[in-house]
Amino acid sequence: MAAVRVKINVTGIVQGVGYRPFIYRIATQNGLKGYVKNRGDAGVEILIEGDQNAIKNFLRDLKKKKPPLARIYGITTAKLAEKPEYENFAIYRSSNEAELSGSTIPPDVAICGDCLEELKNPKDPRYDYFFITCTNCGPRYTTIEKLPYDRDNTTMMDFPMCDFCRSEYTDPLNRRFHAQTVACPKCGPKAYLTTSEGKLITRKDPIHQAGKLLSDGKIVAIKGYGGFHLAASATEERPLIRLRETKHRSQKPFAVMARSLEAIRTFANISKKEKELLTSYARPIVLLDRSKAYALSELIAPGLHNIGVMLPYTGLHYMLFDEADDVAFVMTSANPPSQPITKDNEEALKMLGDTVDYFLFHDRRIAYRCDDSVIRMHGSRPVFIRRSRGYAPAPIRLREKAKRRVISLGGELNNTSCVLLENKAFISQHIGDVENVESKAFLEEATRHLIHLTNSKIETIACDLHPKFTTTQLAHELAEENGWQLIQVQHHYAHVAALMIEYNADEMVGICCDGYGYGTDGEAWGGEILLCTRGSADFERIAHLEKQPMLGADLATRYPLRMAAGILGKEIDVEPWLMGLKQHFPHGEQEIQTILGQLRSNRNLTETTSCGRILDAVSAILDVCYERTYEGEPAMKLESAAMEGKHFFKLEPIIEGNRLETTHMLLELFRNRHKHSKPDLACCAHLYLARGLAELAVEKALENEIRTIGFSGGAACNEILASAMRRVVETAGLRFLVHEAVPPGDGGISFGQAVVGGFFQS
Ligand SMILES: [Zn+2]
Ligand SMILES: [Zn+2]
Ligand SMILES: [Zn+2]
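Let me begin by describing the structure that accompanies this report. (Residues numbered from 1 in each chain as written. Chains lettered and ligands numbered in written order. Predicted model: local features only at pLDDT ≥ 70, side-chain atom pairs only at ≥ 80, totals over all residues. Heavy atoms only, no water.)

A few words now on the overall build of the protein. A tally of regular secondary structure across the protein gives 23 helices and 31 strands. A compact globule built from 762 residues should have a C-alpha radius of gyration of about 27 Å, and the protein, at 28 Å, falls within 12% of that. Dimensions of the protein, computed from the C-alpha atoms along their principal axes, are close to 90 × 65 × 50 Å. Across the 762 residues of the protein, 62% fall into the buried class. Considering only residue pairs separated by 6 or more positions, the protein has 71% of its internal contacts joining residues 24 or more positions apart. Of the accessible surface of the protein, which amounts to about 29,400 Å², a share of 47% is contributed by carbon and sulfur atoms. (Helix = DSSP H or I, 4+ residues; strand = E, 2+ residues; numbered from the N terminus. Rg over C-alpha atoms; globule rule 2.2 N^0.38 Å. Buried < 20%, exposed > 50% of the residue type's maximum accessible area, 1.4 Å probe, protein only. Contact = heavy atoms within 4.5 Å. Areas by Shrake-Rupley, 256 points an atom, 1.4 Å probe, with all protein chains shown as cover.)

Structural data, given as structure tokens:
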């Protein structure tokens, strides 16, 4: 039979994921000749020659099989008329790979099944080797210093391959062909255990030893792919009390790493979707509802109904459990308050030496930090609390191409940055709160790296409207330095715009609930309904929550009782109530008198429409939380309290024009606080806000002939609010949208700013 020649183009996530070796394998298995090479647009070009049947089989394999990390967006084939000319099948290295624009930088990936089997097999050369990886798994983003993604451009350059590793690396039929992180006990990174001062204890079996130390109640700082974790027993109280004291985290929930799914089932419930997430290549932390049998320490997630759980994602993690009986260990990212996760060995000794008993180090450098991702399920819908390891910086694919290339720097808390390039948005790893020099430096470094890795010629830089944010300052500096156009995007507008582009919606009435955003009038917004259309780079604030005073401004954010006192104090005498709670004021009676004075004078009070602050106030009135020690704490604990609640106590939302009243709701909760149960009242407060805002949004949508209502902002992580709003909106026959690809909280702000710059501006 005459030979045929076919050219094939594949688009998708096909670079850096072992796609060319895969093509090599199926081509040679089918006896075909030709080549495969990367294309400048991040796709792959294949040319094959051979007989018709073999080509048919190849195309079948191409469509049916693929490397686990590859994502195929499209395959086109064209028969060529030229005569066959190739002697064999080859993988071509394109000379311009470094110049690829928008090529895909793979995220870190959890250890694969094949590597895990080898790790446990005493006959395998990589038996018990903590850094076992292959083309289908292992760290990526955290090792890459520059492009192209080659061993010499990663932190693996410090470890020249031994003959054995090299033979696998150069064999196209081997699972480790061109696996840039390939290593073995002989040539690869080594782990070792030290005291808290960095004195070497042992290089022999340090990981199993560390596992036993954790079991014994010791605190160990463990170096991973993208930074250090602080690890401890999940059942012993003492190390957790110490961790909480030294980390200045009296209440903030710790995540745990469990040895297996079966182990998780002993303390939490897992749905089918949650199981999929837990075992996925990204291996995020998943917030699971605690089960009745929960027997881990109460100090892990105080006052919350759920617990953050992940499965091991490196060889090292699996080995920690080998010689310990624990079902789970606490594993929390090791970062000093408001600072990025610790990544260097020296830095770790300095920063964590006082907190831990031991360090489990390895000698591979970390090129870029990356925290664990956190996801929660609302029924069958995933909600990103934090999108980082396992996801970043793989792009979010949009349905349309942006008009402009944009870099955006996000807001202030829980921050990320984002590069928008045609129909791809590359959101950085979690950067955290950008309030100080360290986190500003990390943001700048991560942003420059992102621009470099995507090789994008930026035209516009976007940032928040707040004149004093560190990110706004940095945006001004970068705009000046590079001659970029600068745009400032209002916080809640960015939230809603992000949601619109996620679903390619042209117009939306967006409900945006969160803590704080700088409004166009300079005031503190946070419970907003915005009307947004794609054709305009502006939005209309069509409704909001009632404005409420913040007694002591920022202090009211930290102490929810101040928020509650400010609102109730407009209508009733709150003195007796506050006096009964004086132990919750740092300065006791004196502080209460100052607060009452402010209430009486009623002058110069900062006001806010924030939904977060209302939930905080409810939390204080219902005796759920009096001090916010981490972001969102009172509201999260209130949601946990409401989970048990029934709808026995009902309040009809009161809407005055463009405003949902909140004073009335708080007064009613206050008056009934001894008549109904805490869960029922907490549930009532959620339903009041959700129904009130949703009814307002429906009314505005119908007035403006808009069929889509969206829900965004940090409070959109709240399942009770989201499901109650959905019921109202869908009952009215309108479409209700929530985020799936980006976080509804402030980790999604950079994406929203970028799309306003890239899609909404003419
Ligand atoms: Zn593997
Ligand atoms: Zn080796
Ligand atoms: Zn926000």
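Still to come is the rest of the account.
Turning our eyes to something else, we now look at the coordination of the zinc ion (ligand 1). Donor atoms from the polypeptide that bind the zinc ion (ligand 1) are Cys112 (SG), Cys115 (SG), Cys134 (SG) and Cys137 (SG), placed at 2.3 to 2.4 Å. Here the donor residues of the zinc ion (ligand 1) share one chain and are spaced in sequence as C-x2-C-x18-C-x2-C. Judged by relative accessible area, which is 10%, Cys112 ranks as buried. Overall, the relative accessible area of 0% leaves Cys115 in the buried class. (Donors = N, O, S within 2.8 Å, 3.2 Å for Na, K, Ca; no water.)

Okay, the packing of helix α21 (residues 678-703) against helix α22 (residues 719-731) next. Taken N-terminus to C-terminus, the directions of α21 and α22 make an angle of 40°; their axes are 8 Å apart at the nearest point. The angle between α21 and α22 falls in the class oblique. Considering how the two elements wind past one another, α21 and α22 form a crossing that is right-handed. Where α21 abuts α22, its residues His686, Leu687, Leu689, Ala690, Arg691, Leu693, Ala694, Glu695 and Val698 lie against Ile720, Leu721, Ala724, Met725, Arg727, Val728 and Val729. In the contact of α21 with α22, the residues fall into twelve nonpolar, one polar and three charged. (Axes fitted to C-alpha atoms, helices over the stretch in contact; angles between N-to-C directions. Parallel < 35°, antiparallel > 145°, perpendicular 65-115°, else oblique. Left-handed = near helix turned anticlockwise from the far one by under 90°. Nonpolar A, V, L, I, M, F, W, Y, C, P; charged D, E, K, R; others polar.)

This paragraph deals with the sheet that holds strand β12 (residues 306-310). The strands that make up a sheet are held in pairs by hydrogen bonds between backbone atoms, and each pair lies either parallel or antiparallel. Within the open sheet, the eleven strands sit side by side as β7-β6-β14-β8-β9-β13-β10-β12-β11-β15-β16. Their pairing is mixed. Edge strands, defined here as strands with exactly one partner in the open sheet, are β7 (200-202) and β16 (381-386). Geometrically, the sheet is characterised by an average inter-axis angle of 35° between neighbouring strands, direction not taken into account. Across the face of the sheet, helix α8 (residues 272-279) comes into contact with β11 (285-289), β12 and β15 (374-378) while running at roughly 155° to β11. (Pairing = 2+ DSSP bridges.)

Taken in spatial order, the six strands make up an open sheet running β17-β20-β19-β18-β21-β22, and their pairing is mixed. Looking at the sheet topology across the chains shown, the edges are occupied by β17 (396-397) and β22 (485-489). As defined by bridge partners, strand β21 (residues 460-464) adjoins β22 across five bridges and the pair is classed as parallel. By the bridge assignment, Asp464 is partnered in β22 with Val489. Packing of helix α12 (residues 470-482) onto the sheet brings it into contact with β21 and β22, and relative to β21 it is tilted by some 165°.

Another point: the nonpolar core. Trp577, Leu578, Met665, Leu689, Ile709 and Phe711 are the most contacted members of the largest nonpolar core, which totals 77 residues. Of all the elements, α21 adds the most residues to this core, at 15 residues. Not counting residues within four places of it along the chain, the set of residues in contact with Leu578 comprises Leu561, Ala565, Phe585, Ile592, Ile595 and Leu596. (Core = buried A, V, L, I, M, F, W, Y, C linked by side-chain atoms within 4.5 Å.)

Evaluation of the coordinates by the stated rule reveals 41 salt bridges. The salt bridge partner of Glu168 is Arg176, with a shortest N-O separation of 3.5 Å. Residues participating in the shared-partner salt-bridge network are Asp114, Glu118, Arg126, Glu168, Arg175 and Arg176. (Salt bridge = Lys/Arg side-chain N within 4 Å of Asp/Glu carboxyl O.)

The contact between helix α15 (residues 560-568) and helix α18 (residues 611-621) brings their axes to 8 Å, and the two run at 95°. Classified by the angle between their axes, α15 and α18 sit roughly perpendicular to one another. Contact residues: Pro560, Leu561, Met563, Ala564, Ile567 and Leu568 in α15; Arg613, Ile614, Asp616, Ala617, Ala620 and Ile621 in α18. When its residues are assigned to classes, the contact of α15 with α18 shows ten nonpolar, no polar and two charged.

A few words on the coordination of the zinc ion (ligand 2). At this site the zinc ion (ligand 2) is bound by Cys162 (SG), Cys165 (SG), Cys184 (SG) and Cys187 (SG), with donor distances of 2.2 to 2.4 Å. One can describe the donor arrangement at the zinc ion (ligand 2) as tetrahedral, given that its four donor atoms subtend angles of 104 to 116° at the metal. Of note, the donors binding the zinc ion (ligand 2) are all from one chain and are spaced C-x2-C-x18-C-x2-C. With Cys165 in helix α4 (residues 163-169) and Cys184 in the loop between α4 and β6 (191-195), this pair connects stretches of sequence that are 19 residues apart. (Tetrahedral: all angles 85-135°; square planar, octahedral: opposite > 155°, others 65-115°.)

Once that is clear, we can look at unusual backbone geometry. Residues Ala392 and Pro393 are joined by a peptide bond in cis, for which omega reads 0°. Secondary-structure assignment places Pro393 in the loop between β16 and β17. With phi around 50°, Asn414 is a residue other than glycine that occupies positive phi space. Looking at the secondary structure, you find Asn414 in the loop between β18 (406-408) and β19 (418-421). Within the chain, Asp623 stands out as a residue other than glycine whose phi angle is a positive 65°.

Aromatic ring pairs are defined here through the distance separating the ring centres and the angle between the ring planes. Counted by the stated rule, this structure contains 18 aromatic pairs. Aromatic pair Trp525 and Phe539: ring centres 6.4 Å apart, planes at 90°, arrangement edge-to-face. Taken as a pair, Trp525 in strand β24 (residues 524-533) and Phe539 in strand β25 (residues 539-545) lie far apart in primary sequence, 14 residues in all. Summarising the burial analysis for this pair, Trp525 and Phe539 share the class buried. In this structure an aromatic cluster arises from ring pairing among Tyr129, Phe130, Phe131, Tyr225 and Tyr313. The residue whose ring lies beneath Arg203 is Tyr192, and the NZ or CZ to ring-centre distance is 5.2 Å. (Phe/Tyr/Trp six-rings, centres within 6.5 Å; stacked < 30°, edge-to-face > 60°. Lys NZ or Arg CZ within 6 Å of the ring centre and 35° of its normal.)

Quick look at the side chain of Gln180 now. Following the sequence through the fold, Gln180 ends up in the loop between α4 and β6. Side-chain polar atoms of Gln180 contact the side chain of Tyr169, separated by 2.7 Å. Excluding residues within four positions of it along the chain, Gln180 makes contact with Tyr149, Asp150, Arg151, Met156 and Tyr169. (Polar contact = N/O pair within 3.5 Å; in protein donor to acceptor, adjacent residues only side chain to side chain.)

Before going further, it helps to examine a positive patch on the surface. Taken together, Arg265, Lys272, Lys273 and Lys275 make up a surface patch of like positive charges. Counting residues per element, the positive patch draws most heavily on α8, which supplies three residues. Looking at where Lys275 falls in the secondary structure, it is placed in helix α8. Lys275 gets classed as partly exposed once you look at its relative accessible area, which sits at 38%. (Patch = residues over 30% accessible without salt bridge, like charges linked within 9 Å, V, L, I, M, F, W, Y side chains within 5 Å. Lys, Arg positive; Asp, Glu negative; His and termini not counted. Charge placed at Lys NZ, Arg CZ, Asp CG, Glu CD.)

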